[in-house]
Amino acid sequence: MPVPPYSADMDAADGSKHTQACASSVAAAPEITAKADPSPSADGQHRVIAAHTVKPLIKKNIFVRGAEAAFGCVQSGEYASNEIRTAKYTLLTFLPVNLFEQFTRIANLYFLIVAVLQLIPGLAPTSWFTTVAPLVIVLAINAIKEIVDDYYRHQNDREINSRTVTVLEEGGRETPVTWRELAVGDIVKVANDTEFPADIVFMSSSEPANICYVETANLDGETNLKIKNCFTKTAGLSLADEFKDFADSYSIHCEMPNPELYKFDGAVVRRSNPDGPGGRLPLTADNLLLRGCTLRKTDWVVGVVVYTGLESKIMMNRLPAPRKVTQLERHMNVLVGIMFGLLFVIAAFMSMGAQIWDRAHGRDDWYLGYNGKYPDYFPGFGSWVIGVIRWMILLNGVIPISLYVTLELVKVFQCKMILNLDREMYHAETDTRFSCRTTNLNEDLGQVQYVLSDKTGTLTQNVMGFVWLSAGDELYGKRTCRDAGCPSPSHVDEGTPHSVVLDPDLLRGLGLDLNLLAQQAPTMTNKSMRGHAGIIRAAAVAPPNPALERFLLNLAICNTVVPAISDDGHFVYQASSPDEEALVTGAAFLGYRLYSRSTDRVVVEVLRTGEHLHYQVLAVLDFNSDRKRMSIIARCPDSKIRLFCKGADTMIMARVMPRQPRITNVRHHLEEMALAGYRTLCVAEKELSEAVYAKWSAQYDAACVALTDRDRKVTDASEVIEKDMELLGATAVEDKLQDGVPEAIDALLAARIGVWVLTGDKVETAVAIAMSCRLFTQEMALVEVRERDFEGADDSAKEAAVLRGKQEEVSMEQTRLHAELGSNCGPMVGLVVEGGALTRLLTSQHEGQLIDLCTSCKSVVCCRVTPKQKAQVVKMVQRLRKSIVLAIGDGANDVSMIQAAHIGCGISGREGRAAVMAADYAFAQFRYVSRLILLHGRAAYKRNSEVVWYAFYKNWIYNMVLLYFGFVTSFSSQPLFTSGLIAVFNLFFTSAPTVAFAVLEQDVSMATVLAVPQLYLETMKATRKEFLLEQLWWLVLASWHSLCIYFLPVYSMSNPNKDGLTYRWEAVGATVYTGIIVTVNLKIALRTRYWTWVNHLCIWLSIAIWWPYVIGYSAVFQVVPVAGAADMSGVALEMMGGPHFWLTAIVLVPAMSLLPDITHMSFQRSFAPKPFQIYQEIEWLKELAPETSRTLGLTPPHPNEGGAGPDFAAMELGVSEPAGRALRA
């Protein structure tokens, strides 16, 4: 498939989903007079870039171009070339690089060594063709896959490097150049709907407000537009001649290239007197246009190139996906090691047997031709070593060469044909289908023991509704106009998620007459944000409550939302945060509409009067996961300077003036909001004097142009001003659960999978959501581990004592619940852990106690956690419990958790696609995770395990036959089969049925698996010991099969044929070979329950093609005298001409071989049935019931009346009858 040029996995910024650039208002600030930090960066390095108005001519000669093409590299000068090469290979490097990578796999290396040994004259008992041919096929399949993938990479590289962009030069010239020719310092002009070719400092725009709109979908998957602000000194310039002054007088100082997408520390520095007034002007991430982003709704922008090619931020974020190895692969590696050891032991003993025989016969039997020279040494250590090598070469197939390629092929089919095409995991509303972003973790989905999930946007819809607000000491939103018996406003749908706007008390508090609001009939026009202004203006009959007006104005001002006009002429808001969008939309419905936003100005329209209030933005203190708040400092229409702030309640409450009467009321309201499960924010405000602002502005501006530790200095400056604020109130935003979340969590818990929720919300909100999604229930006891529990615990011993106390509390609650509910109710305690407590406990001293505490509980909720803590919890569970953990999230702050987990799942939600891009599996709704794990994961583990067992089983039979033949050939490692048979055994006659089985097999129906989550325990609890013991049982049966397959034809064909002649050993070998083919294919037929036409075709065709193959192989020497086919000449007719072949290979061998298998299966199913076998019986009874009823003349019962079988929706292991009785037994 083509590889998107910018869709590689990227490191998430260590922050929240709302991570923004540093202060966007810096570009609008006046000239900085304070001396900025002269130190450019922590290591004393920074980049100084001079813009040039005449593009330097850089041409590469043909030799350089040829070398670049041959070796896949790009020549760079002082700065990186803007030409990129993401392709992995070139014509020159493909063969060595690909072969090196393939031979890093131990199995391929093993067979390479065998093939090399076979090439040594006189050493190998078989032709090199028998190993080289299968090995070449395996290598070729992988190489072809790599060639196809790399071909698309080359195409993408060629297309991207050949794109053109306009470079501005003196004389008014606008020169089109290809992206590969772009250089640092070029002044480029980028048109609307065009991608930026490099990282560019934004200098000028066609927009009067000196801004541009950027779509960052290629970077983080978000489709909402972001505002970027241009450098104010060059605003409005569009020609190179106009930039000449700037190019001659100023240079751009910026940090060295780094992968930080949301951070950029730079400054425009005057060459003469840089430390004087106006000598340094700050540049932030808000002034940087990143390669891969697309310009939208702006005719053109002009900028200076600062980072090119591999030094651009998007390219520095192209990290290879972490290599994840499944449990099954680890089991296989152990199994391969064991089989290799066993092979060596067998070879050693067989070579020892050859030594004993040679001592008895070697010197006396002259016709053996021993001369004591290589390779016919007389018995001794050298002869024994050669014998060991010969036997290891002969029996090398004990380790199946086809296993790895078969398993890879099977996993690709499982992903592409089953998972990606599962209609039950397709989300029609968003047109999002399930996507496998990796194909090597399928079977691990069947062994997941813990699911660690984000909350917002993962369990919830991330469609925020503004539902309550606390302002003026009142709580609004708890009832609607309909609840109060009042007419509803005509400009708002009654089903709006922003239900606070329907509160009659709130509307009256804003001076609006409810009857007038409801007078106009609802129409599409008056319900648009543009159309409802007239309705509010007509209904305004009294002045608004000042406290409410201040509160709503703060919501309209303090945000990063971008208002825009949609194609149909309506107001729409572009927001990176759904919370902000909800709050701004709610304020607009209540009459305070954010009208426009630019770099230095916010305009709010007061709909009741039609007045436009202009706020001059002086500084923006952005939100991040550490600050958990944002502020805007603006000069208001009354010329006063105010700071508007909103953020997490813990952050705001710590920074407001103490002893405000409103604090107590707001705290009560916040508790009520949290108990209802809502997300809360506090809103505050502060008036600043001119002197205070001027003093602070100098400190802040100096921090913004610092090239050393800028983030810390900006944060310190922000702390200085964000204190002693006046608390205005609080907001509550509802994020409703996604459909099917409670049912999915019920199913996971029923399968005994631990479900933990890791969220940044406060404790009360998280617990309320956990209750609504059935993670916690009313019957459960809750134990909390809060930060306050560790007050006074000033050393690790006291912290450990607190943990022990919590463990005792859990034990006591569990004992109480067992007494009340019965001892078989299982764990019934829920654990709530606060992020502050985790900070203390996620250490090597306490992790053991913490994991014991968590895993003793039924469910765990971690609140107030940071992205880093999420990843730490995932790693802790994996490391200390040796369990497979699946992490699922939807935003950039979940990326670290997703990448840390063994299996990462990304939700395609409103937080962009950062989580999806980092995930192994991507889908649209949380409810699909239960189907993914319980159905597809369980099936993949069972199928793929059988692929491994079957591969070793069939190869064991094949090689044991060669071993038996060694006992009658003086331990001489003489092969029973010719080279043409040895080379194609796995390829032609046994591979297709394996693939069909692994893709299509179902031991029970999908409905049963989903209705009985406890069936998942079979695979979840599977251990390496069980895997190896099951493989041992397969090999025991294979040994019996090999005895039947070898001795029945050999002794049958020891009698003369119809012509009175003894059968040639080639004919005997072909007969034995036939028995192997028939038996191993019937074995997989015996294991197959779910038959399709594909299974029939693969199994019976694999057997049937043996006849034309052996007939053609036997006849080829008579047509073309090929040396390798001479031994088989005429064998087919000789073999098939007598009854021995048909009676033994076709009838007696399969019957006697598989009799123990059938007997074991029957006894095991009857006397020790496994859970899935019980449900197979139930399904068969359900299928046969209607026919039985008709045969006996009975009236078929209703499906839910129990006669034809149980209601599958009610099936539970240990509960449903008759399965319950059997399973309890």
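As the structure is a prediction and not an experimental result, all values here were calculated from the model.

## Here we look at the pattern of salt bridges
1) Next: Summed over the entire model, instances satisfying the criterion amount to 65 salt bridges.
2) Next: Asp505 is the partner of Arg508 in a salt bridge, and the nearest nitrogen-oxygen pair spans 3.3 Å. Of the two residues, Arg508 and Asp505 are both situated in helix α11 (residues 504-509); the distance of three residues between them amounts to about one turn of the helix.
3) Next: Judged by relative accessible area, which is 44%, Arg508 ranks as partly exposed.

## Description of the side chain of Arg679
1) Next: Considering the arrangement of structural elements, one finds Arg679 in strand β25 (residues 679-688).
2) Next: Using a relative accessible area of 14% as the deciding quantity, one classes Arg679 as buried.
3) Next: Separated by 2.9 Å, the side chains of Arg679 and Asp579 make a polar contact.

## Examining the UniProt feature "binding site: Mg(2+)" (unreviewed entry) in the protein
1) Next: The sites that UniProt annotates as "binding site: Mg(2+)" (unreviewed entry) are Asp454, Thr456, Asp890 and Asp894. On the basis of their most widely separated C-alpha atoms, the annotated residues across 441 residues gather in one place, lying no more than 10.6 Å apart.
2) Next: In this structure, Thr456 sits in the loop between β15 (448-453) and β16 (460-471).
3) Next: Residue class for Thr456 comes out buried when judged on its relative accessible area of 5%.

## Topic: the side chain of Thr294
1) Next: With respect to the helices, strands and loops of the structure, Thr294 is situated in strand β12 (residues 294-296).
2) Next: Once you skip the residues sitting within four places of it in the chain, Thr294 turns out to touch Asp193, Thr194, Glu195, Phe196, Tyr213, Val214 and Glu215.

## Focus: the pairing of strand β27 (residues 754-758)
1) Next: With respect to burial, β27 is a largely interior element, five of its five residues being buried.
2) Next: Residues of β27 alternate between two faces, with Gly754, Trp756 and Leu758 on one and Val755 and Val757 on the opposite face, all of them buried.
3) Next: For β15 and β27, the ladder comprises four bridges, and the chain directions are parallel. Bridge pairing in β27 links Ser453 to Val757.
4) Next: Taken together, the four bridges between β27 and strand β30 (residues 859-863) define a ladder with parallel strand orientation. Bridge pairing links Val757 to Val861 in β30.

## Considering the sheet that holds strand β3 (residues 173-178)
In any sheet, the strands associate via hydrogen bonds between backbone groups, in a parallel or an antiparallel arrangement.
1) Next: Here we have six strands laid out as an open sheet, ordered β3-β2-β4-β13-β5-β11, and antiparallel in their pairing. The sheet terminates laterally at β3 and β11 (288-289), the two strands that pair on one side only.
2) Next: The strands that helix α6 (residues 240-249) touches are β2 (164-169), β4 (187-191), β5 (199-205) and β13 (300-307); relative to β5, the one it contacts most, it runs at about 115 degrees.

## Concerning the state of the cysteines
1) Next: Under the definition given, this model contains zero disulfides.
2) Next: With no disulfide of its own, Cys857 has Cys854 as its nearest cysteine by sulfur position, at a separation of 7.0 Å.

## Comments concerning the nonpolar core
1) Next: If you look at the biggest cluster of nonpolar residues, it comprises 97 residues, and the most contacted ones within it are Leu395, Val948, Phe977, Tyr1073 and Ile1076.
2) Next: Not counting the four nearest positions on each side in its chain, Ile1076 is found in contact with Ile957, Tyr958, Val961, Phe977, Phe985 and Ile1045.
3) Next: Counting 88 residues, the second largest nonpolar core, distinct from the first, contains Val767, Ile769, Val785 and Val833.

## What about the packing of helix α35 (residues 1065-1087) against helix α39 (residues 1139-1167)?
Packed helix pairs are specified by the crossing angle of their axes together with the interaxial distance, meaning the distance between the axes.
1) Next: Interaxial distance between α35 and α39 falls to 9 Å at its minimum, and their mutual angle equals 35 degrees. Crossing hand, α35 versus α39: right-handed. Facing Thr1071, Thr1074, Gly1075, Val1078, Thr1079, Leu1082, Lys1083 and Leu1086 of α35, the residues of α39 in contact are Phe1141, Thr1144, Ala1145, Ile1146, Val1149, Pro1150, Ser1153, Leu1154, Asp1157, Ile1158 and Met1161.
2) Next: When grouped by side-chain class, the residues that make up the contact of α35 with α39 number 11 nonpolar, six polar and two charged.

## Let's talk about unusual backbone geometry
1) Next: The backbone phi angle of Asn273 is positive, close to 50 degrees, even though this residue is not glycine.
2) Next: Assignment of secondary structure puts Asn273 in the loop between β9 (266-270) and β10 (280-283).
3) Next: Here Asn273 falls in the partly exposed class, since its relative accessible area comes to 49%.
4) Next: The phi dihedral of Lys882 falls on the positive side, at around 50 degrees, and the residue is not glycine.
5) Next: With respect to the secondary-structure elements, Lys882 resides in the loop between α25 (867-881) and β31 (884-889).
6) Next: Overall, the relative accessible area of 68% leaves Lys882 in the exposed class.

## Overview of the sheet that holds strand β28 (residues 781-785)
1) Next: Reading across the sheet, the nine strands line up as β14-β33-β32-β31-β15-β27-β30-β29-β28 and stay open at both edges, with mixed pairing between neighbours. Edge positions in the open sheet fall to β14 (435-436) and β28, since each of these has one partner strand only.
2) Next: Relative to β28, helix α22 (residues 796-821) is tilted by about 175 degrees, and along the sheet it contacts β28 and β29 (829-834).

## Thoughts on the pairing of β29
1) Next: With six of six residues buried, β29 lies mostly within the body of the structure.
2) Next: Residue alternation in β29 divides its side chains into two sets, Val829, Leu831 and Val833 and Gly830, Val832 and Glu834, and both sets are buried.
3) Next: Taken together, the five bridges between β28 and β29 define a ladder with parallel strand orientation. Bridging across to β29, Leu782 finds its partner in Gly830.
4) Next: The parallel pair β28 and β29 is bridged by α22, and the resulting crossover is right-handed.
5) Next: As defined by bridge partners, β29 adjoins β30 across five bridges and the pair is classed as parallel. Along β30, the bridge assignment pairs Val833 with Cys862.

## Some remarks on α35
1) Next: A rise of 1.5 Å per residue sets the reference length of α35, with its 23 residues, at 33 Å; its end C-alpha atoms lie 33 Å apart and thus fit the reference within 8%.
2) Next: For α35, the buried fraction is high: 19 of the 23 residues fall into the buried class.

## Describing the environment of Met657
1) Next: Checked against the element boundaries, Met657 lands in the loop between α16 (649-653) and α17 (661-675).
2) Next: Here Met657 falls in the partly exposed class, since its relative accessible area comes to 36%.
3) Next: Contacts of Met657, omitting those with residues within four sequence positions, involve Ile663, Asp724, Met725 and Glu726.

## Remarks on the confidence of the model for the protein
1) Next: With 88% of its residues at a pLDDT of 70 or more, the protein has an overall mean of 84.
2) Next: No element of the protein has a lower mean pLDDT than helix α41 (residues 1219-1224), which averages 38, and none a higher one than helix α36 (residues 1093-1104), which averages 95.
3) Next: A low-confidence stretch, residues 1-44 (pLDDT under 50), is modelled with 142 contacts involving residues beyond four sequence positions or located in other chains.
4) Next: Ignoring residues within four places in sequence, the model shows residues 1200-1225, a span with pLDDT below 50, making 45 contacts including any to other chains.

Cut-off values and rules
Residues numbered from 1 in each chain as written. Predicted model: local features only at pLDDT ≥ 70, side-chain atom pairs only at ≥ 80, totals over all residues. Heavy atoms only, no water. Salt bridge = Lys/Arg side-chain N within 4 Å of Asp/Glu carboxyl O. Helix = DSSP H or I, 4+ residues; strand = E, 2+ residues; numbered from the N terminus. Buried < 20%, exposed > 50% of the residue type's maximum accessible area, 1.4 Å probe, protein only. Polar contact = N/O pair within 3.5 Å; in protein donor to acceptor, adjacent residues only side chain to side chain. UniProt positions renumbered as here; feature names shortened; annotations may be inferred. Contact = heavy atoms within 4.5 Å. Pairing = 2+ DSSP bridges. Axes fitted to C-alpha atoms, helices over the stretch in contact; angles between N-to-C directions. Disulfide = S-S within 2.5 Å. Core = buried A, V, L, I, M, F, W, Y, C linked by side-chain atoms within 4.5 Å. Left-handed = near helix turned anticlockwise from the far one by under 90°. Nonpolar A, V, L, I, M, F, W, Y, C, P; charged D, E, K, R; others polar. Right-handed = clockwise from strand over helix to strand, strands pointing away. Expected span 1.5 Å × (residues − 1). pLDDT = per-residue confidence, 0-100.

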